[in-house]
Amino acid sequence: VIERKQSDMRCALLASLALAALAAPDHVSYRDHHLFNVRSDQKVSGFLRKEADSPSVSGMDFWMEPMKDKASDVHISIPPEGVQAMHALLKKNNVTYTVMDTDIERSFGAQTAGRKVYRRGRLQEFDYFQYHPYEEIIDWMRDIQAEYSSICELVHIGWSYEERELLGLKIFGDARPGKKSVLTNYGIHAREWLSPATG
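Residues numbered from 1 in each chain as written. Predicted model: local features only at pLDDT ≥ 70, side-chain atom pairs only at ≥ 80, totals over all residues. Heavy atoms only, no water.

(A) Local environment of the packing of aromatic side chains. According to the stated counting rule, one finds eight aromatic pairs in the structure shown. Aromatic pair tryptophan 63 and phenylalanine 108: ring centres 6.4 Å apart, planes at 5°, arrangement stacked. You can see tryptophan 63 sitting in strand E2 (residues 61-64) and its partner phenylalanine 108 sitting in helix H4 (residues 104-112), a full 45 residues away along the chain. On the basis of relative accessible area, tryptophan 63 is assigned to the partly exposed category, the value being 23%. (Phe/Tyr/Trp six-rings, centres within 6.5 Å; stacked < 30°, edge-to-face > 60°. Helix = DSSP H or I, 4+ residues; strand = E, 2+ residues; numbered from the N terminus. Buried < 20%, exposed > 50% of the residue type's maximum accessible area, 1.4 Å probe, protein only.)

Encoded structure:
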């Protein structure tokens, strides 16, 4: 039982501070958006970095940026109205690419289909291997604090741009002088849902 509680608390520590910072924006549709995978070497990387600074295809969104000094995969989301222009741009510049997805929204839906909704007071049922919306994450944090109130507290750390309350879990033990602290933070970047959900 103690090992289980310690394991739960480790998960809480790793996930909670970032979960608090995670304030998911209103839903943006990616219906019929294409996800391009571009194999980038030094030459292509320079071309792509210029495109990132001033895109010639409307709506170009880099999900994985090109690396400066080595070959890498670059993932670029393109809205439906820019797909043909993107194909033309890459072919014109002799860039090797594949289309990874032709409807990103459908793929998002497939990831969350059959998802179990987390309900307050059922801490043992929280699924650390699936996406949870902001409200469920906050409920989970409140449940962690209630279950382990002798070693953690819920702290208000501010407000998001969208005026959502940002919460964190402060985990403590004995107050020895010189005791080291650890701060973990997840969910800082857009589309980074897995690390806050699993810590």
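(B) Highlighting unusual backbone geometry. If you check the backbone angles, aspartate 32 has positive phi at about 65° while not being a glycine. Secondary-structure assignment places aspartate 32 in the loop between helix H1 (2-21) and strand E1 (34-40). The exposure class assigned to aspartate 32 is partly exposed, which follows from its relative accessible area of 34%. With a phi angle near 50°, asparagine 94 is a residue other than glycine that sits in the positive phi range. Note on placement: asparagine 94 falls in the loop between helix H3 (83-92) and strand E4 (97-101).

(C) Layout of the pattern of salt bridges. Per the counting criterion, the structure on display carries four salt bridges. Linking aspartate 32 and arginine 31 is a salt bridge whose minimum nitrogen-to-oxygen distance equals 3.7 Å. For arginine 106, the salt bridge identified is with aspartate 103, shortest N-O distance 3.9 Å. (Salt bridge = Lys/Arg side-chain N within 4 Å of Asp/Glu carboxyl O.)

(D) Representation of the sheet that holds strand E3 (residues 72-78) in the model. One open sheet accounts for four strands, arranged E2-E3-E1-E4; its pairing is antiparallel. Across the chains shown, the open sheet's two edge strands, defined by having one partner strand only, are E2 and E4. Across the sheet, the mean angle from the axis of one strand to that of its neighbour is 30°, orientation sign disregarded. Across seven bridges, E1 lies against E3 in antiparallel orientation. Residue pairing across strands places serine 40 opposite serine 72, the latter belonging to E3. Sheet strands in contact with H3 are E1, E3 and E4, and its direction is about 10° off that of E1. (Pairing = 2+ DSSP bridges. Axes fitted to C-alpha atoms, helices over the stretch in contact; angles between N-to-C directions. Contact = heavy atoms within 4.5 Å.)

(E) Inspection of the nonpolar core at higher detail. Ranked by internal contacts, the top residues of the largest apolar core, which has 17 residues, are Val38, Ile76 and Met86. If you list the elements that add at least two residues to this core, you get E1, helix H2 (42-53), E3 and H3. Ranked by the residues each element gives to this core, the list is headed by H3, at four residues. Phe126, Tyr148, Leu167 and Leu169 belong to the second-largest nonpolar core, a separate cluster that totals 14 residues. (Core = buried A, V, L, I, M, F, W, Y, C linked by side-chain atoms within 4.5 Å.)

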